[in-house]
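# Observations on the model geometry
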Amino acid sequence: MMQSMAELAKRGGSVTGATMVAAALLFPLPASAQAQNGLSNLFGGIFSGPNQAPSPAAPGPSGAPTGVQPWTGEDGASGHPLMTAAAIREAAGNFNNCVAGMWPDAARRNITQDNFQRFTAGLAPDLRIMDLMDSQPEFTKSIWDYLDILVNDNRLAKGREVLAKYKAQFDATEKATGVDRYIIASIWGIESNYSTQMGDRSVLQSTATLACIGRRQAYFKDEFLSALEILNRGDLRLEQLRGSWAGAFGPTQFMPTAFKRFAVDGDGDGRRDVVDNPSDLIASTANNLKKDGWQAGQTWGYEVVVPQGFNYMLADRAKAMTVAQWEKLGLKRPANQPFPHPAEKAYLLAPAGAQGPGFLMLQNFRVIMKYNPAEAYALAIGHFADRLRGGQPFVQPWPRQERELSRTERLELQQLLAQRGFYKGTPDGQFGGQTREALRNFQASIGVPADGFASSDALNRLRGR
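The structure presented is a predicted model; accordingly, all values stated were derived computationally and were not measured.

Rules used in this analysis
Residues numbered from 1 in each chain as written. Predicted model: local features only at pLDDT ≥ 70, side-chain atom pairs only at ≥ 80, totals over all residues. Heavy atoms only, no water. Helix = DSSP H or I, 4+ residues; strand = E, 2+ residues; numbered from the N terminus. Buried < 20%, exposed > 50% of the residue type's maximum accessible area, 1.4 Å probe, protein only. Areas by Shrake-Rupley, 256 points an atom, 1.4 Å probe, with all protein chains shown as cover. Arc of directions from axis to C-beta. Contact = heavy atoms within 4.5 Å. Axes fitted to C-alpha atoms, helices over the stretch in contact; angles between N-to-C directions. Parallel < 35°, antiparallel > 145°, perpendicular 65-115°, else oblique. Nonpolar A, V, L, I, M, F, W, Y, C, P; charged D, E, K, R; others polar. Disulfide = S-S within 2.5 Å. Core = buried A, V, L, I, M, F, W, Y, C linked by side-chain atoms within 4.5 Å. Left-handed = near helix turned anticlockwise from the far one by under 90°. Salt bridge = Lys/Arg side-chain N within 4 Å of Asp/Glu carboxyl O.

### Focus on the overall build of the protein chain
For the protein chain, the count of helices and strands is 22 helices and six strands. Counting every position in the protein chain, which comprises 465 residues, the buried fraction comes to 57%. Element-wise, carbon and sulfur atoms account for 49% of the exposed surface of the protein chain, whose accessible area totals about 18,300 Å².

### Structural notes on helix α4 (residues 85-93)
One full turn of an α-helix is made of 3.6 residues, so residues set three or four places apart face in the same direction. Listing the buried residues of α4 in full gives Ala85, Ala87, Ile88, Ala91 and Ala92. When α4 is viewed along its axis, its buried side chains cluster within an angular range of 165° and face the same direction. Turned more than 90 degrees away from the buried face of α4, the exposed residues are Ala86, Glu90 and Gly93. Next to the buried residues of α4 lie α5 (95-100), α8 (128-133) and α13 (203-212).

### Section: the packing of helix α12 (residues 181-192) against helix α16 (residues 278-291)
α16 packs onto α12 with a crossing angle of 110° between their chain directions and a minimal axis gap of 10 Å. Classed by the angle they form, the pair α12 and α16 counts as roughly perpendicular. Counting all contacts with α12, which are made through Ile183, Ile184, Ile187 and Trp188, the residues of α16 involved are Leu281, Ile282, Thr285, Ala286 and Leu289. Residues of the contact of α12 with α16, tallied by class, amount to eight nonpolar, one polar and no charged.

### As for the side chain of Ser186
Residue position: Ser186 is located in helix α12. On the basis of relative accessible area, Ser186 is assigned to the buried category, the value being 0%. Discounting residues that sit within four places of it in the chain, Ser186 has contacts with Tyr194, Ala380, Ile381, Phe384, Ala385 and Leu388.

### Thoughts on the state of the cysteines
Applying the stated rule across the entire model yields one disulfide. A sulfur-sulfur distance of 2.1 Å marks the disulfide that ties Cys98 to Cys212. Since a negative S-S torsion denotes a left-handed disulfide, the Cys98-Cys212 link at about -90° is left-handed. Placement of Cys98 in helix α5 and of Cys212 in helix α13 is noted, with a sequence separation of 114 residues between them. Given a relative accessible area of 5%, Cys212 falls into the buried group.

### A word on the nonpolar core
Among the nonpolar cores identified, the biggest contains 49 residues, and Phe170, Phe365, Tyr377 and Leu379 are the most heavily contacted of them. Counting only elements with at least two residues in this core, the list comes to α9 (143-150), α10 (153-165), α12, α16, β5 (345-349), β6 (358-361), α18 (363-371) and α19 (375-388). The element contributing the most residues to this core is α19, with nine residues. Of all hydrophobic cores here, the second largest spans 48 residues; its members include Ala91, Ile111, Leu127 and Trp245.

### A closer look at the environment of Asp451
Along the polypeptide, Asp451 turns up in the loop between α21 (433-445) and α22 (456-463). The sequence separation of Asp451 and Arg440 amounts to 11 residues, and the corresponding C-alpha distance is 5.8 Å. When sequence neighbours within four positions are dropped, the list of residues in contact with Asp451 reads Tyr312, Gly353, Ala354, Arg440 and Gln443.

### A closer look at the packing of α12 against α19
Two numbers describe how α12 lies on α19: the axes approach to 8 Å, and their chain directions differ by 120°. Overall, the two elements α12 and α19 adopt an arrangement that is oblique. As α12 packs across α19, the resulting crossing turns out to be right-handed. Packed against α12, whose contacting residues are Tyr182, Ile183, Ala185, Ser186, Ile187, Ile190 and Glu191, the element α19 presents Tyr377, Ala380, Ile381, Gly382, Phe384, Ala385 and Leu388 at the interface.

### With respect to the environment of Val274
Mapped onto the elements, Val274 comes out in the loop between α15 (256-262) and α16. Here Val274 falls in the buried class, since its relative accessible area comes to 0%. Between the C-alpha atoms of Val274 and Val264, which are 10 residues apart in sequence, the distance is 8.5 Å. If we ignore the near neighbours within four places in the chain, the residues touching Val274 are Leu236, Phe249, Gly250, Pro251, Phe254, Phe259, Ala263, Asp280, Leu281 and Ser284.

### Structural notes on the pattern of salt bridges
Tallied over the full model, the rule gives 24 salt bridges. Of the charged contacts, one joins Arg233 and Asp235 as a salt bridge, the two residues approaching to 2.5 Å between their closest N and O atoms. What makes Asp235 buried here is its relative accessible area of 0%. The partner of Asp235 in a salt bridge is Arg272, with the nearest N and O atoms 3.0 Å apart. Linking Asp235 in the loop between α14 (217-233) and β2 (242-243) with Arg272 in the loop between α15 and α16, this pair joins segments that are 37 residues apart in sequence. Here Asp235 matches Arg272 in class, with each residue buried. Beyond isolated ion pairs, a larger network of salt bridges with shared partners links Arg109, Asp222, Glu229 and Lys260.

Listed below in C-alpha cells is the structure:
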C-alpha cells in the first residue's frame, strides 16, 4: 500500500484528507504521499463536524485563498534535495520561466496559445504547499476513531437525501455500468461531505507550483498540462477548478489526469462537468470504478469472527483463498450468517490484530483501493455504503483501550525490529507491509499471536519488558 505521491494520486485523484488519516493509522504514509485533497484544509472537513461547510476564503491575486498560512521557510521533512529551503527558493525564483517553458508541451496537446497565455497569466507559486507535501504528523488516529469520524449519523442522513434527490441519475448510471449506487454515494460523502468540503485552492496554481518546485515535478507537470486541457476544451470553467493543494477537485476528487481518463458526459450536454453537474459526477465516478474492474452485483467484503489461536501470518493481501477455504479455517460471519458465494476469492484483513474484528476482502474492495490505495479508506467506503443501504454497524468491538504509537515510538519499534534481524528497511516511523511482516515474524518467534498490530504491548516486548 505504501506508494509514492504519483502512485497514490494517479488513480482517481482521491488522495484526500480521508486518505491521510487512513494512511496515518493503519500504515502511516511517507511524507511523499501525503497529498490531502478531499475533506479540505488538512483534516478540517473531518474534525470540524460533518455538517459544517467551510466559508470559502476570497482568492488573493495569485489564486490562493487569502488567509492561508505562509510557507515556513524550512527544509522539508523528507530530506529530499529538492525540498531544502534553498532549493525551494531557487525554484520559486525561476517559476515564471518554468511555466513559460511548458508552452511547447501544451501546444502538442492542442492547447491554443491564447488559452495558454490567458490561463497562466499572473500565476505565482503557492509555497505553503511545500510544507503540506512534506508534513509528518507526530500522532496518528486509530482505525476505530477514523471510522467513527467518517461513518456517522449526520453523514448517513445527508447521504440518504442525496440518493433520493438524484435517484434518476443513480438509476441510469447503475443500469449502464453495474456499479453500486451506494458505493458512489459513499465516495461522494467521504471525499467531500457531499460537496461541502472540496478545498479552495486553485488547481492550476497548485499543479503549476508542484510542476516547478519540489520533488515530484515530472508527475505534476502532467497534472498541470491536463488541467490546461480541461480548460481549453471547455469542460470546466477556471473558477470551478478549485480543490486541494495537490490538485484534486470536485465532490469525488478527480486529479486532472484522472478526469481525462474517466470523466464522461452523463446528460449529453457536451461537457463533462464533475463539479456542479450531478449526472456527470455520478456517471464519471462509476466509470472510474467500472474501468478498474468493479464486479456488478457483488459486495466488497464481510466482517468475520476470527477464531482463537488463528495463524495471523495468513492475514496478508497476497494470500487470497476462497471463502470456503477460510470457513474451513474457522472464520465465520457474526451470528453465523451464511456466505452467499463460497467460491469467491478473498484475503483476510485484521486492522486491529487479534483484538479486533477481521474482514474478508473481495475483488470490489481491491477496486476501491485502486480509487484510493489505503485499506482504512476502502474499509470506510465499503462500510458507509452498507450503512446507506440499511446495514448495521460492525458487530465486534474494537480495542479502544489501545493507544496509537507516536512517530518516535514507531521509529523505535522499527529500530528494535532491525536490531533483532526482522526488519531490513530504513526506519522512518512509517508502517507499511514490510514493517507489519517484520512485526508478525517477531511475534511468531516469541509465541504470541502474529497479527502485526503495532500496539504498546508489542513495543514493550521488543524492549524486553
